[in-house]
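Inside the fold
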Amino acid sequence: MLTKLNTMVGKLLIYTAFIASVISIIGFFLAHNGKENFLKMGRVFFHITSISIITAALYLLYNILTHNFQLSYVWEQSSTDLQLPLLISTFWAGQEGSFMLWALLTAVIGVFLLNYVSKGERMEPQVMVMFTLVLSFITLILILKSPFHYLWESFPKEVDYGFMPPEGRGLNPLLQNFWMAIHPPTLFIGFASLTVPFAFAMGALLKNDFDSWTSFSVPWILFAGGVLGLGIMMGGYWAYSILGWGGYWAWDPVENSSLIPWIINVASLHTIIAQRKTGGYKKTNLLLSILAFLLVLYSTFLTRSGILGDSSVHSFVDPGAEVYLALVVFISTFTLISLGMILVRWKSLKDIRIESSKLMTKESFLFIGALLLCASALVIFVGTSLPIVSQSKVDQTFYNNMNLPVAIFLMFTMGISLYIEWKETELSKFWKNMILPTAFSLITLVILITIGLRDPLYIVFAFVSLIAFFVNARFAIRIIKSGTMNFGGMFAHIGIALFFLGVIGSARYSQDVDLSLEEGKPQEAFGYQFTYVGANTFMDPNNKRDTMYAFNIKVEKENKEMTMRPVMFYSKFSQGVMKSPDIAYFSYKDLYISPMSLEESNPYPQESMYELKKGTKTKVNELEVEFVDFDFGNMQKGGKEMGSGNYTLGAIIKVTDGGVTETMNVRTKFVDGTPQPNPVMMESSKKYAFYFLNMSVRGEEEGGTTAVFSIMDASKSPQQQAGETLVVNAAIKPFISVLWTGIVILFAGFIVAIVRRRKELLVKHPEKHEEHSTGNGSKQKNKKK
């Protein structure tokens, strides 16, 4: 009875959330149509929706923490040996859990959004009806792909009712690290928060008011941009530092699919700034805010439908026909709703007066910047979508070559736009302002060329990035000195400029080489001496099922040495070898060692091998060795026993050491055709060990039948003399620390901008926000529908 009740709790909460969300949508929609009494109903049922989803998420977490392996999802993703942070991260490790996480974060953001829009005239019914509609669709997917199925429901023919496995399958070793605990939730917060600008844009279309929504949505656009950007680059650092992919961005379709909405979101942020200042780009802002969210849905479809299962290492596979269809319906529905609303408001949108602005105005440069961002997003979209419509896919050079000119123009625009005025720019003043940043940029560029920057196109890229850096840094310093907080944008631009400078150094001028490091034998590369000194095992507290190996490499340069320890192990979970790099961080470069393979050397070195025909002799140092004949014992030569591969064969040799000659029978046992030689030593001297390795049967014209021997130092076993060979890829990545520094500053810029916009909203009444109602906008402001 208790098990039956437990079975129902999770699903009941999801069904409750879905039904409540539908009622909430009806309430908000009726309120939008002027029936204000239904606003309370919309609010109450939205809270019921959110509480149900949050409770369902907590219930799933409870089952994970208590190791309730009766739940299929808990059994498939977790195990008892995981430490708490990774055990919690199994919540979102699988398909069902990631949908649950998306729903949870959307519900939590919705609670804050409802509180936000309920204050003043912030289009509450219009915004919440669209937001809740999104939440209801996610909840519907949770009904189809529930994390609350029990084993006997998932495997009815294999598992009896009430069966409790003693242990779970465990978390994929690839996911067992710190970044798994924070990267997916950060990414999903970004995805969930992009629903808010979409809801505001759709709310504006519903209300037929294209002015006020931008003021209210800007903090959310900033929040979504900052968090989603941080989540994307967390994934990049994870790939670089833990997974051993050698880089931070591989233009993988799933990686790209999260980058595209971020780029569109950033583009919308710039045109919204222009709208708030001049009243322009109203249609552009609506379209970009809607497009960013639709691209989130597209990203979800690419990642979770299995359609890129053969093209991406990140993609989920086999989601089931119901989920595939639900995702298609999800995307199609919101695309059609968006297009429908634009068509309904087409006349109003068409009537918005467009005032042309001069080229040398800040408004024009903001639009050019947004246009360049959209061009980059389009290139990535085309490359990412190609595997869906054809059997082919583009490689990294497509993205790099297509985006490089866009990035150059973007940095140029970012660099000079701050000295462009809103209405009219005095050119003499502009050129005067540009002198100092240009001089600093040229000096730095000369230094970069001196230390190795050679490619002409990348020299241009570096120069415009430096211009962008110095101009924005100059403005940021000036603003900070003035005591105001409107330097968030400058920080973000400085971060982007540093990021691109880091890309130029680490991607274009990275060097790498494959090294075969025979144990104890040093090799030179990049001015360093690398010596593999053996491996040691260690215990990973999160993975007690596999034996982990750290491969110790002594790295020496200029009388300094350090030990780097890349890791490899065989994973029982994934039935394959897992690899993790080791990185030495320096101020201006990283030394990156990624393990490739471990090769066991032949235990019998080539210099110890001798192949002798019957009756022939050879000299081995002070010894004279003669091969007399084979000893087949009672076995028939070439008979059934030899054909089985399991037999013992001897080789009779005469060894003369000085004046002493001894005859020895060196025997080898063959097991399944593999020789297992037994060493033999002379009675008079124990200096050498003789191994009979094999009999080589050939015709007389090919040299005849021979015996192969190994004669080695008897004080060492063959294994001790053989050693191992560790094959690694060693790389130097210049200025990659500049890239990571840029990302941190970029995120800091978003935070500062959010705080500033939040303060603006707190001190101003919504109706008094900085708005410009031009054309029909002022007439449309108070209209409904």
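Residues numbered from 1 in each chain as written. Predicted model: local features only at pLDDT ≥ 70, side-chain atom pairs only at ≥ 80, totals over all residues. Heavy atoms only, no water.

As a general point, the strands of a sheet are linked pairwise by backbone hydrogen bonds and lie either parallel or antiparallel. With respect to topology, five strands assemble into an open sheet ordered 11-12-13-14-15, the strand pairing being antiparallel. With partners counted over all chains shown, the strands left at the sheet margins are strand 11 (617–620) and strand 15 (674–677), one partner each. Put simply, the sheet's adjacent strands are angled 35° from each other on average, direction ignored. Across four bridges, the pairing between strand 11 and strand 12 (residues 623–631) is antiparallel. Counterpart to valine 620 in the pairing with strand 12 is leucine 623. (Pairing = 2+ DSSP bridges. Helix = DSSP H or I, 4+ residues; strand = E, 2+ residues; numbered from the N terminus. Axes fitted to C-alpha atoms, helices over the stretch in contact; angles between N-to-C directions.)

Moving on to the sheet that holds strand 8 (residues 582–585). Strand order in this open sheet of four strands is 1-18-9-8, and the pairing throughout is antiparallel. Strands at the two margins of the open sheet, each flanked by one partner only, are strand 1 (511–518) and strand 8. Across this sheet, the average inter-strand angle for adjacent strands is 20°, counted without regard to direction. Looking at chain direction, strand 1 and strand 18 (residues 724–734) are connected through eight bridges and run antiparallel. The partner of leucine 515 across the bridge, within strand 18, is valine 728. Packed on one face of the sheet, helix 10 (residues 213–243) meets strand 8, strand 9 (589–600) and strand 18 and runs near 105° to strand 8. (Contact = heavy atoms within 4.5 Å.)

The next subject is the packing of aromatic side chains. Using the criterion set out here, one finds 48 aromatic pairs in the structure. On the numbers, 5.1 Å between centres and 55° between planes, the contact of tyrosine 419 with phenylalanine 475 is tilted. Taken together, the residues span a long stretch of sequence, with tyrosine 419 in the loop between helix 16 (396–416) and helix 17 (427–451) and phenylalanine 475 in helix 18 (residues 456–482) at a distance of 56 residues. Residue classification places tyrosine 419 among the buried residues on the basis of a relative accessible area of 5%. Among the aromatic residues, those joined into a ring-pair cluster are Phe178, Trp179, Tyr237, Tyr240, Tyr248, Tyr592 and Trp740. Its end group placed over the ring of tyrosine 116, arginine 122 keeps NZ or CZ at 4.6 Å from the ring centre. Above the plane of the ring of phenylalanine 586 lies lysine 589, whose end atom (NZ or CZ) is 5.7 Å from the centre. (Phe/Tyr/Trp six-rings, centres within 6.5 Å; stacked < 30°, edge-to-face > 60°. Buried < 20%, exposed > 50% of the residue type's maximum accessible area, 1.4 Å probe, protein only. Lys NZ or Arg CZ within 6 Å of the ring centre and 35° of its normal.)

With that settled, consider the pattern of salt bridges. Think of it this way: side chains of opposite charge can pair up when their charged atoms draw near. Taken as a whole, this structure holds 11 salt bridges when the rule is applied. Aspartate 546 is paired through a salt bridge with lysine 572; the nearest N and O atoms lie 3.9 Å apart. On the criterion of sequence distance, the pair formed by aspartate 546 in strand 4 (residues 543–557) and lysine 572 in the loop between strand 6 (567–571) and strand 7 (576–580) is long-range, its members being 26 residues apart. (Salt bridge = Lys/Arg side-chain N within 4 Å of Asp/Glu carboxyl O.)

What follows deals with the nonpolar core. Counting 183 residues, the largest nonpolar core has Met100, Trp102, Leu113, Phe200, Trp262, Phe334 and Phe461 as the members making the most contacts within it. Here this core gets 14 residues from one element, more than from any other, and that element is helix 10. Once residues lying within four places of it in the same chain are set aside, the contact partners of tryptophan 262 are Gly225, Leu228, Gly229, Ile232, Ile496, Leu746 and Phe750. The next biggest cluster of nonpolar side chains, apart from the first, holds 26 residues, and it includes Val620, Phe630, Met642 and Met682. (Core = buried A, V, L, I, M, F, W, Y, C linked by side-chain atoms within 4.5 Å.)

Now for the environment of leucine 349. Looking at the secondary structure, you find leucine 349 in helix 14 (residues 346–351). Under the relative-accessibility criterion, leucine 349 is labelled buried at 5%. Along the chain, leucine 349 and glutamine 636 lie 287 residues apart, while their C-alpha atoms are 97 Å from each other. Apart from the residues within four sequence positions on either side, leucine 349 is in contact with Leu205, Phe210, Lys283, Leu286 and Ile342.

No statement about biological role is implied by the geometric values presented.
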